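Report on the structure
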Amino acid sequence: MEILLMVLVLLLLIGASNVIQRFVPFIPVPLIQIALGIVAAYMPSLHHVPLNPELFMVLFIAPLLFNDGKITPRDELWKLRTYILLLALGLVFATVLLAGPFIHWLIPTIPLSAAFALAAILSPTDAVAVGSIAGRIKLPGNILRLLEGESLMNDASGLVAFNFAIAATVTGYFSLSEAIGSFFVIAIGGLVIGALLGFAVIWLRLLLRRLGMEDVTLHMLIIILTPFLIYIAAEECHVSGILAVVAAGVVHAIERDRVESASVRLRIVSDSTWSVILFSLNGLVFLLLGLEIPGVVAKIWEDPAYQNGQVIGYIFLITAVLMILRFLVILARDRQLRSSVITALSGVRGALTLAAAFSIPMVLDNGSAFPERNLILFICAGVILLTLISASTFLPLLVRKSEETGDHPENRAETERTARIAVLDSGLRTVREEMNEENKQEGVELVGEYTRRMQQAKFQGTTDIGQAWRAMVNIRLEALKAEREVGERWLNEERITPQLAAYFRASLNRIELLLTNRVKFKLLLLLAWSTVRKWLKGRNRIPSLITPSDPEWDSYKELKLEAIQSAITRLKQMENEENRDAVLTVLADYRSMALQYQNNKRRSGTRRNMSFQRKELELKAIQAERNAIQMLYEQGDIDRHFAGKLRMDVNYREASLFESQEGH
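Residues numbered from 1 in each chain as written. Predicted model: local features only at pLDDT ≥ 70, side-chain atom pairs only at ≥ 80, totals over all residues. Heavy atoms only, no water.

1. Points about the overall build of the protein
The helix and strand inventory of the protein stands at 25 helices and 0 strands. Buried residues in the protein amount to 49% of all 664 residues. For the protein, the exposed area adds up to about 32100 Å²; of that, 61% sits on carbon and sulfur atoms. (Helix = DSSP H or I, 4+ residues; strand = E, 2+ residues; numbered from the N terminus. Buried < 20%, exposed > 50% of the residue type's maximum accessible area, 1.4 Å probe, protein only. Areas by Shrake-Rupley, 256 points an atom, 1.4 Å probe, with all protein chains shown as cover.)

Take a look at the structure:
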């Protein structure tokens, strides 16, 4: 029960980290999750399970690297193969050979072999951390692919070097020829076993489909189990499980189209399922890292044998040496200063480094304690945090500065136009995916509307869209005030019941909240209103929804028509040269709404259900647009300012949808 409670708390913290990041977008999610993990470590009621390195590798690293192997473009990796191998092999071994003696010189109490081990686990970049940083910062395409390929390959070389250095420290024996031979056996063996088992899984799925077993749940279960089973099988054969799952992921990417092209539903379910799994695993990796940091730091911080300022200095010096070595190797190959600095800073370390450090044995073969084990753990945790913070701080400045030369108005307009089309395309794809026999007519209408919007977006500029929408929202809010005045007057004249007046006010409040986009205020008010409405509904004081079949429909229809006319009058009074376009747009919305109410008759249940289906379908499309906007923002394709403009557009259409649907 304690472990279950811990898992639930961690999952809640993952969700909380993404909510927090919406309000502080300049802080990357990994750092927020590490901070929440540190806070959780001090919760007295939270059960803490010590980090098991082997279990950590199987549960977290294996599926994450398998997915990275699936989604990383193979052709681009192949073009960068020489550069990737230089970083994944050459840089790792150079770091071990050069940083190891430096660490031993800096901290003489750490034996040379143990210093080599520390340098080895600090040398590989972390694929999860690299992906998290790259997802927030729009790195140049070639640098991003290079980092992805490097992080996929250098884990194996770093861990192999680490294991040999640890063995040398524990036993006092080391053979260079044996180490080189074992490295090639472990690396090549991992790649071969991973590829063979990957093809075997694909063959099994194809066989099941030939036998008529198209069950999506069964195929999805096989896909989920694949990275775990392949990693375990490779490790049992004493080869690299990391390279095995990477190879299996690449194989699955090669065969993906042939296996899943005939099953669109499987592809949709697979993508959705993996997105949830990866979202959870990524978050858990950094939360667990945060959970471990207080214990690691406390052992050194509270030990009088260490001077706190001195050990912090060790972290800064070792990190500086790692970054300088990385920068020099990249500069020698790239010969471009700015891109070399960006690539060097992007080499962040992650939880894999700390997990490997925890696998250091407690004692040597002679029974004595492993030298400076706690200090090694402390240095690993410090280097991880320092590389994450430095990348998060300096990379946005460097990337933004490198793009300033191309940030012309024409390029910016084209970028925004492309983003708008991508958002609309997301809504269009959702409509098509959700269409069925029951909502086919509504779906066809929505597809037509989205197609028209996309065509308009292709030929219209977007640089002044934010100002236009703000003007339109302000005008619409004034029109809502006019509607409210009608509702209050009708209530005072006793032309409607208090229950109907409350429903009318609630519908206007909902539209106003959608238009103003005040997130915190909106959530609180919606929660409060939902609670109050349930309480009033239980006492038969307010209707939950008024439709043409309700007894009070005629009264509500007359109220709404007069409110619309009052709003139209107010809009005409507001019209001037500066706001004419915005006023005419809002007037068109109100006139269309008036026609809907005027032409409305009591409709059959079938027609009313079709209206509900239209609303449900369009709301799903709108939510897909919101998700697309957030993804574009997190990937760095659009800035916070333009993301707000796009959300304003979506909110306006959602508000119009809620108001227009009342007449159906």
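2. Some points on the pattern of salt bridges
Per the stated rule, a full pass over the model turns up 11 salt bridges. Lys-481 is the partner of Glu-478 in a salt bridge, and the nearest nitrogen-oxygen pair spans 3.3 Å. One end of the pair, Glu-478, and the other, Lys-481, are both in helix α19 (residues 465-492), 3 residues apart, so they sit about a helical turn from each other. The salt bridge involving Glu-616 is made with Lys-620; its shortest N-O contact spans 3.7 Å. In this pair, Glu-616 and Lys-620 are both assigned in helix α24 (residues 605-634), 4 residues apart and thus about one turn of the helix distant. Note on Glu-616: relative accessible area 45%, which makes it partly exposed. (Salt bridge = Lys/Arg side-chain N within 4 Å of Asp/Glu carboxyl O.)

3. A word on the side chain of Glu-618
In this fold, Glu-618 is placed in helix α24. Apart from residues no more than four positions distant in its own chain, Glu-618 is found in contact with Leu-446, Arg-453 and Leu-657. (Contact = heavy atoms within 4.5 Å.)

4. Side note on a nonpolar patch on the surface
Taken together, Phe-174, Leu-176, Ile-180, Phe-184, Ile-188, Val-192 and Leu-196 make up a surface patch of nonpolar side chains, about 710 Å² in accessible area. Relative to the assigned elements, Phe-174 resides in the loop between α8 (141-171) and α9 (176-210). Using a relative accessible area of 46% as the deciding quantity, one classes Phe-174 as partly exposed. (Patch = residues over 30% accessible without salt bridge, like charges linked within 9 Å, V, L, I, M, F, W, Y side chains within 5 Å.)

5. Quick word on the packing of aromatic side chains
As enumerated under the stated definition, the model contains 6 aromatic pairs in all. Geometrically, the ring pair formed by Phe-102 and Trp-105 is tilted, given 5.8 Å between the ring centres and 35° between the ring planes. Linking Phe-102 with Trp-105, this pair stays in helix α5 (residues 81-106), spanning 3 residues, or about one helical turn. Ring centres of Phe-504 and Tyr-556 lie 6.3 Å apart, and the angle between their planes is 70°; on these two criteria the pair is classed as edge-to-face. You can see Phe-504 sitting in helix α20 (residues 498-516) and its partner Tyr-556 sitting in helix α22 (residues 553-574), a full 52 residues away along the chain. With respect to class, Phe-504 is no different from Tyr-556; both count as buried. Through pairs of rings, three or more aromatic residues link up here, namely Phe-93, Phe-183 and Phe-184. Of note, Arg-333 hangs over the ring of Tyr-83, and the distance from its end group to the ring centre comes to 4.6 Å. Cation over ring: Arg-495 sits above Trp-490, and NZ or CZ is 3.8 Å from the ring centre. (Phe/Tyr/Trp six-rings, centres within 6.5 Å; stacked < 30°, edge-to-face > 60°. Lys NZ or Arg CZ within 6 Å of the ring centre and 35° of its normal.)

6. Overview of the confidence of the model for the protein
Confidence along the protein averages 78 in pLDDT terms, with 81% of residues attaining 70 or more. The model gives residues 535-540 a pLDDT under 50, and that stretch makes 5 contacts with residues more than four places away or in other chains. (pLDDT = per-residue confidence, 0-100.)

7. Some thoughts on the environment of Leu-87
With respect to the helices and strands, the residue Leu-87 is situated in helix α5. The exposure class of Leu-87 is buried, given its relative accessible area of 0%. Sequence-wise, Leu-87 and Leu-146 are 59 residues apart; in three dimensions their C-alpha atoms are separated by 9.0 Å. Apart from the residues within four sequence positions on either side, Leu-87 is in contact with Val-92, Leu-146, Glu-150, Val-329 and Ile-330.

8. Thoughts on the packing of helix α3 (residues 53-71) against helix α15 (residues 351-358)
At a minimum axis separation of 8 Å, α3 and α15 run at an interaxial angle of 155°. Classified by the interaxial angle, the pair formed by α3 and α15 is roughly antiparallel. On α15, the residues that touch Pro-53, Phe-56, Met-57 and Ile-61 of α3 are Ala-351, Leu-352, Ala-355 and Phe-358. Looking at side-chain class alone, the contact of α3 with α15 contains 8 nonpolar, no polar and no charged residues. (Axes fitted to C-alpha atoms, helices over the stretch in contact; angles between N-to-C directions. Parallel < 35°, antiparallel > 145°, perpendicular 65-115°, else oblique. Nonpolar A, V, L, I, M, F, W, Y, C, P; charged D, E, K, R; others polar.)

9. Side note on helix α2 (residues 29-41)
Helix length check: α2 (13 residues) gives 18 Å between terminal C-alpha atoms against 18 Å at 1.5 Å per residue, within 8%. Among the residues of α2, Val-29, Pro-30, Leu-31, Ile-32, Gln-33, Ile-34, Leu-36, Gly-37 and Ala-40 are the ones counted as buried. (Expected span 1.5 Å × (residues − 1).)

10. A short note on the environment of Ser-123
For Ser-123, the position within the fold is in the loop between α6 (112-122) and α7 (127-136). Residue class for Ser-123 comes out buried when judged on its relative accessible area of 4%. Sequence separation of Ser-123 and Arg-326 is 203 residues, and the distance between their C-alpha atoms is 9.2 Å.

11. A look at the side chain of Arg-349
With respect to the secondary-structure elements, Arg-349 resides in the loop between α14 (337-345) and α15. In this structure the side chain of Arg-349 is engaged in a polar contact, spanning 2.6 Å, whose partner is the backbone oxygen of Leu-122. (Polar contact = N/O pair within 3.5 Å; in protein donor to acceptor, adjacent residues only side chain to side chain.)

12. Some thoughts on unusual backbone geometry
Comment: phi is negative for the bulk of residues other than glycine, and the bulk of peptide bonds are trans. Positive phi, close to 55°, is recorded for Glu-372, a residue that is not glycine. Topologically, Glu-372 is positioned in the loop between α15 and α16 (373-403). Looking at Glu-372, the relative accessible area reads 18%, which means it is buried. At Glu-494, a residue that is not glycine, the phi angle is positive and equals roughly 60°. Relative to the helices and strands, Glu-494 resides in the loop between α19 and α20.

13. Considerations on α5
Over its 26 residues, α5 extends 35 Å from the first C-alpha to the last, a length consistent with the 38 Å expected when each residue adds 1.5 Å. Along α5, the largest kink reaches about 30° and is centred on Gly-90. Listed in full, the buried residues belonging to α5 are Tyr-83, Ile-84, Leu-87, Ala-88, Leu-91, Val-92, Thr-95, Val-96, Ala-99, Gly-100, Ile-103 and Leu-106. (Bend = angle between axes of the 7 residues up to and from the residue.)

14. Some thoughts on the packing of α5 against α6
The interhelical angle for the contact between α5 and α6, taken along N-to-C directions, is 125°, at an axis separation of 8 Å. With respect to α6, the axis of α5 lies oblique. Like other packed secondary-structure pairs, α5 and α6 cross with a definite hand, here right-handed. The residues of α6 that touch α5, namely those facing Thr-95, Val-96, Leu-97, Ala-99, Gly-100, Pro-101, Ile-103 and His-104, are Leu-112, Ala-115, Phe-116, Leu-118, Ala-119 and Ala-120. For the contact of α5 with α6, the class distribution of residues is 11 nonpolar, 3 polar and no charged. (Left-handed = near helix turned anticlockwise from the far one by under 90°.)

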